[in-house]
Amino acid sequence: MEEKFWNKGAFMTDLNTMIVADEQHLDLIEDPVLRESVRKKLEVKLPLHPDKVLLKIECVGVCGSDVHYFHEGQCGTFFLDKKRDIPYMLGHEAAGTVVAVGANVKDLKAGDRVCCEPGKACGKCEMCRSGKYNLCRDVIFWATPPVQGCYMRYVEFYADLCFRIPDTMSIEAGAMIEPFATAMFAVQTAEVKKGDTVFIMGSGCIGLMTLLACRHKGAEKIILCDLEDIRLEKAMELGATAVINNGKCSEEEFYAEVRRLTDGGPRVVIEAIGNAVTIRQAGELAGRGGVVVLLGMPPEDIIPFNINAIMDNEVQVRPIFRYRYIFPECIEAAADDCPIEKVISDLYDLDDIQTAFNDSISRKNEVVKAAIRID
Ligand SMILES: [Zn+2]
Ligand SMILES: [Zn+2]
């Protein structure tokens, strides 16, 4: 393979603005500083780092966090710094095919289809050594500023973070393993088991993936709520036992319905919205001795919580941050009985990535999950 070749990728040049660039279209970028910066980022240089592989990326999901950076320049405690980060590449839910491997790579070969775990932890800190590498402060995570993402044709990446997917798995499903990992980690944290009753708050991408993960674990009753009927229909399609549109009833009626459907209260509540109201409600809705897993990230730092409801019922509140050691299990579950690619509602070509992001904002209700195909 050549020593140096050109890539194609999508870059944010400003809030709400994305350009798709390759070496033939660089002159379309008027600003010379920006053009030079994009050019540098499009250069792929070989030989490969000995521990890395070169991937031909084929599908990348559009995550809520990507949309936040695109639209607001911020997500949780991370923010885009115009001077430092622009042109910025988003994207972290990737699948593709191995093109070449570094000298130390033994487990992968050219032609293997893989999905990627997007975060490289330091491996040395106390969190890493204790097995909670998702809490590493020095993690390098795709599309978390200042680290660039992977809306790009070719990506060089750590071999140990690439997981082989079966030939029978679609590349779209491969790209959905990353968001599914979040859902599976929530379900693992809640210790969902056969016969369980689970209430999932939110029927967006992560809520629906959580539903699939609960079904996989053998939960008997899985109830979801959302404000959008279109999403609730999708939840029923994917195997929910019941759904509630909590925008069409009072809080009292909502609570009564959840309790009726769960014999007094679900053992597990998984909050997959990140809204101050539903987070409070999660604590109030969990059954006695139940578990609440906080998965959705609220925009505000301080929110009210009904502490007496939680204490009186001895509800355990378990927040999670990303996931750890879960990709192999997710691939198995997806290959087994979790049709995770069905959560994708809208598929776009890389050239149409601006539309994909615009749609994810303006048609938020219908676009449950967008994904980008890269040729
Ligand atoms: Zn994501
Ligand atoms: Zn670490």
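None of the values given here were measured: they were computed from a predicted structure. (Residues numbered from 1 in each chain as written. Chains lettered and ligands numbered in written order. Predicted model: local features only at pLDDT ≥ 70, side-chain atom pairs only at ≥ 80, totals over all residues.)

Turning our attention to the overall build of the chain. Looking only at helices and strands, one finds twelve helices and 21 strands in the chain. Rg of the C-alpha trace for the chain: 21 Å, near the compact-globule value of 21 Å for 375 residues, within the 12% margin. Its C-alpha atoms give the chain principal-axis dimensions of about 65 × 45 × 40 Å. Intrachain contacts of the chain at a sequence separation of at least 6 include 69% that bridge at least 24 residues. (Helix = DSSP H or I, 4+ residues; strand = E, 2+ residues; numbered from the N terminus. Rg over C-alpha atoms; globule rule 2.2 N^0.38 Å. Contact = placed C-beta atoms within 7 Å.)

Once that is clear, we can look at the domain arrangement of the chain. Along its sequence, the chain is carved into domain 1 (4–164 + 345–373) and domain 2 (181–319). Between domain 1 and domain 2, the C-alpha centre-to-centre distance is 31 Å. Taken together, the contact between domain 1 and domain 2 spans five residues of the former and seven residues of the latter. Here the residues of the side of domain 1 that touches domain 2 are counted per class, giving one nonpolar, two polar and two charged. (Domains from an automatic or database assignment. Nonpolar A, V, L, I, M, F, W, Y, C, P; charged D, E, K, R; others polar.)

Time to look at the sheet that holds strand β18 (residues 291–294). Within the open sheet, the six strands sit side by side as β16-β15-β14-β17-β18-β19. Their pairing is parallel. Each of the sheet's edge strands pairs with one partner strand only, and the pair in question is β16 (242–245) and β19 (316–319). Pairs of neighbouring strands in the sheet enclose a mean axial angle of 15 degrees, with direction left out of account. Against the sheet, helix α8 (residues 251–261) engages β14 (197–201), β15 (221–226) and β16, with an angle of about 175 degrees to β16. (Pairing = 2+ DSSP bridges. Axes fitted to C-alpha atoms, helices over the stretch in contact; angles between N-to-C directions.)

As paired strands, strand β2 (residues 9–14) and strand β3 (residues 17–21) are joined by five bridges and run antiparallel to one another. Its bridge partner lying in β3, D14 is registered against T17. What sits between the antiparallel neighbours β2 and β3 is a turn of two residues, in which N16 has the positive phi angle 60 degrees.

Side-chain alternation along strand β9 (residues 113–116) places R113 and C115 on one buried face and V114 and C116 on a second face that is also buried. Across three bridges, the pairing between strand β8 (residues 93–101) and β9 is antiparallel. Across the sheet, G96 pairs through a bridge with V114, a residue of β9. Where β9 lies against strand β13 (residues 162–164), three bridges are found, and the strand directions are antiparallel. Residue pairing in the sheet places V114 in a bridge with R164 of β13. (Buried ≥ 20, exposed ≤ 12 C-beta atoms within 10 Å, placed from the backbone.)

A few words now on the packing of helix α5 (residues 171–189) against helix α6 (residues 205–216). Close contact between α5 and α6 brings their axes to 8 Å; oriented N to C, the two are set at 55 degrees. Relative to α6, α5 is oriented oblique. Handedness of the crossing formed by α5 with α6: right-handed. For the pair α5 and α6, contact is made by P179, F180, T182, A183, M184, A186 and V187 and by C205, I206, M209, T210, A213 and C214, respectively. Taken together, the residues of the contact of α5 with α6 break down into eleven nonpolar, two polar and no charged. (Parallel < 35°, antiparallel > 145°, perpendicular 65-115°, else oblique. Left-handed = near helix turned anticlockwise from the far one by under 90°.)

This part covers helix α9 (residues 276–285). Side chains that are three or four residues apart share a direction in an α-helix, a result of its 3.6 residues per turn. Within α9 the residues assigned to the buried category are I279, Q281, A282, G283 and L285. Contacts made by the buried residues of α9 are with β14, α8, β17 (268–271), β18, α10 (307–312) and β19.

So, on to the packing of helix α2 (residues 64–72) against helix α12 (residues 353–362). Direction vectors running N to C along α2 and α12 enclose 95 degrees, while the axes themselves pass 10 Å from each other. As the angle between them shows, α2 and α12 are arranged roughly perpendicular. Judged by residue contacts, V67, F70 and H71 of α2 engage F357, S360 and I361 from α12.

Residue P47 is reached from L46 by a cis peptide bond, and omega for that bond is 5 degrees. Here the residue pair I86 and P87 is connected by a cis peptide bond, since its omega of 0 degrees sits within 30 degrees of zero. The residue P87 is located in the loop between α3 (82–85) and β8 in this model. The phi torsion at D263 lies on the positive side, around 50 degrees, for a residue other than glycine. When you line up the elements, D263 lands in the loop between α8 and β17.

A few words now on the environment of M201. Inspection of the secondary structure assignment puts M201 in strand β14. M201 gets classed as buried once you count the C-beta atoms within 10 Å, which come to 29. In contact with M201, other than residues within four places in its own chain, are C225, V269, I270, E271, A272, I273, T278 and A282.

Within the secondary structure, F321 sits in the loop between β19 and α11 (327–336). Given 14 C-beta atoms within a 10 Å radius, F321 is considered partly exposed. Counting along the chain gives 139 residues from F321 to T182, while the straight-line C-alpha distance between them is 8.4 Å. Residues in contact with F321, not counting those within four places in the same chain, are N134 and L135.

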